[in-house]
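Residue-level structural notes
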Amino acid sequence: MRGRVSTMLKNWIIPIQPEKEELEERLKEARERLASLQMKLKEHKLPVLILMEGWGAAGKGSLIGKIIKNIDPRFFKVVTMEQSDQEERRYPFLHRYFVEIPEAGKFALYDSGWMNEVCMKRARKEIDSQTYQQRVHCIKRFERQLTDNGYLVMKFFCHITQEEQKKRMEALLAHKDTRWRVSESDRWQNQHYEKCEKIFGKYMEDTNISTAPWYIINAEKKKWAQLQVLETLCNGIDIAMQNSSHAVPILQNVFPLVTMPKLSEISLEEKTISEEEYQAQRKELQAQLRDLHNRLYRKQVPVIICYEGWDAAGKGGNIKRITEALDPRGFEVQPIASPEPHEKARHYLWRFWNRLPKTGHITIFDRTWYGRVMVERLEGFCTENDWQRAYNEMNEFEKDLYDWGAVIIKFWVQIDKDTQLERFTARQNTPEKQWKITDEDWRNREKWDDYEKAVDEMLQKTSTTYAPWYILESVDKKYARIKALKIVIRRLEEALN
């Protein structure tokens, strides 16, 4: 920070405000244009995220109020991000922002957001330079992932001078009905205006990416500020709709990978265990896991355990042997089925961000985000560009979770084709197990070779050093259960030590 002058704010060329008559005429046109664009936006299924940042008392809330007057109330939501509370701080930094992203064809307007949170914590020295850089990387990935997946992200910074900010705050403080609108943070900002200006400017430089650029708004005059935002927003929507069919570049993987074997190279022979040995080991390992769970809660370490595998491979039984050892107040199993309509209408990772554990808790996913590169890929539920991009997006997602402090354990439960047929047949012929077998299971079995190819690629491209895959040989389910317990215990001990 020292000795560096920001360019985004210091060198900003102030736009010239038009004369009153022209201003009124352009405002009317912009309002009508936005009103008509919302229907096209719905047809194009374009989700729009508007981030309204800026100085305290710069009029961000008022601007949002003016914008939404031109939009059907069914098509927008306003998200007010106050200081994160104790509960929210037990989730990843971006959690509360990601869960509020809009559905396709709708608007979400954030009254301040991740910029204000990061910059004010940096200004007050609540986070150090390394944490600041880490959060900037997370934010850039977050914004890029949104735009890559069809979102329009519009970022506005409402700029006023120190004198103007002070004048507005004094006017608000003079009346008991508006006094509440001036926060302690706003006063601190004004007292440390130059310091905050440097930090805001540097942040905007650091996050000014081509797909989600910053727009600095001259907010000294309210109607002029409104016109700048409306015209910029309308132009952004027009361009986004024109570019909606364009493919997105596939980014090269930059994360360290662990070499994984192909499924055909994994030996399933002799991976067995006797009933007597299984019962003895299970009891001992579950006791260890029970003790570790208590320590996890005390040290507030979040744990994410992921299960993927062939149908009838034994995922459910494997999960059960882990959860038997856990305090029911400290874990949750998330069975992942086909996405619901409101989930399909958002970024594909949204439904998983909604299911993350808080610190000290364990979440077990029975099926995961990897459906993107398996079933969605093979059944044509997403484009080739979508699933090709997803490898890197999922590595990024897991890196953010790892940096937050999560232990990530990913299991592929492996069986051979003959074993699956035996289990399918047994399920079909056993009345109390028939609910476990569906026509879809039989259809997927016909695509075994295609799925195997997709799984091999998934394992090769997403087994990172911070979130590696583990193969559970499950022709003998008991063997797979003991192996899973041992891996979970080892990983948790490593994290706690």
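Look up: the structure comes first, before these words.
An account of the accompanying structure is given in this report. (Residues numbered from 1 in each chain as written. Predicted model: local features only at pLDDT ≥ 70, side-chain atom pairs only at ≥ 80, totals over all residues. Heavy atoms only, no water.)

**Concerning the overall build of the chain**
A tally of regular secondary structure across the chain gives 19 helices and 10 strands. Across the chain, the fraction of contacts at a sequence separation of at least 24, relative to all contacts at a separation of at least 6, is 82%. About 24,100 Å² of surface is accessible on the chain, with carbon and sulfur atoms providing 48% of the total. Positive and negative charge centroids in the chain, built from 82 and 77 side chains respectively, lie 4 Å apart. (Helix = DSSP H or I, 4+ residues; strand = E, 2+ residues; numbered from the N terminus. Contact = heavy atoms within 4.5 Å. Areas by Shrake-Rupley, 256 points an atom, 1.4 Å probe, with all protein chains shown as cover. Lys, Arg positive; Asp, Glu negative; His and termini not counted. Charge placed at Lys NZ, Arg CZ, Asp CG, Glu CD.)

**Structural notes on the sheet that holds strand E7 (residues 331-335)**
With respect to topology, five strands assemble into an open sheet ordered E7-E8-E6-E9-E10, the strand pairing being parallel. The open sheet has two edge strands, E7 and strand E10 (469-473), and neither has a second partner. Strand-to-strand twist in this sheet, taken as the mean axis angle between neighbours without regard to direction, amounts to 20°. In terms of strand pairing, strand E6 (residues 303-309) meets strand E8 (residues 362-366) through five bridges, oriented parallel. Across the sheet, Ile305 pairs through a bridge with Ile364, a residue of E8. Its contacts with the sheet put helix H11 (residues 315-323) on E6, E7, E8, strand E9 (407-414) and E10, and the angle it makes with E6 is roughly 160°. (Pairing = 2+ DSSP bridges. Axes fitted to C-alpha atoms, helices over the stretch in contact; angles between N-to-C directions.)

**Considering the packing of helix H1 (residues 20-44) against helix H9 (residues 222-242)**
One can describe the packing of H1 onto H9 by two numbers: an axis separation of 9 Å at closest approach and a directional angle of 35°. As for the relative orientation of H1 and H9, their crossing is left-handed in sense. Where H1 approaches H9, its residues Leu23, Glu24, Arg26, Leu27, Ala30, Arg31, Arg33, Leu34, Leu37, Lys40, Leu41 and His44 are matched on the opposing element by Lys223, Trp224, Gln226, Leu227, Leu230, Glu231, Leu233, Cys234, Asn235, Ile237, Asp238 and Met241. (Left-handed = near helix turned anticlockwise from the far one by under 90°.)

**Some words on the sheet that holds strand E1 (residues 48-54)**
Read from one edge to the other, the open sheet built from five strands follows the order E2-E3-E1-E4-E5, with strand pairing classed as parallel. Edge positions in the open sheet fall to strand E2 (76-80) and strand E5 (214-218), since each of these has one partner strand only. Each adjacent strand pair in this sheet contributes to an overall mean axis angle of 20°, direction not counted. Sitting on the sheet, helix H2 (residues 60-68) touches E1, E2, strand E3 (107-111) and strand E4 (152-159), and the angle it makes with E3 is about 165°. Those strands touched by H9 are E1, E3, E4 and E5, and its axis lies near 165° from that of E4.

**A few points about the nonpolar core**
Counting residues in each nonpolar core, the largest one holds 151 residues, and the members touching the most others are Trp114 and Tyr203. Contacts of Tyr203, omitting those with residues within four sequence positions, involve Trp114, Met115, Val118, Cys119, Tyr132, Val136, Ile139 and Trp214. (Core = buried A, V, L, I, M, F, W, Y, C linked by side-chain atoms within 4.5 Å. Buried < 20%, exposed > 50% of the residue type's maximum accessible area, 1.4 Å probe, protein only.)

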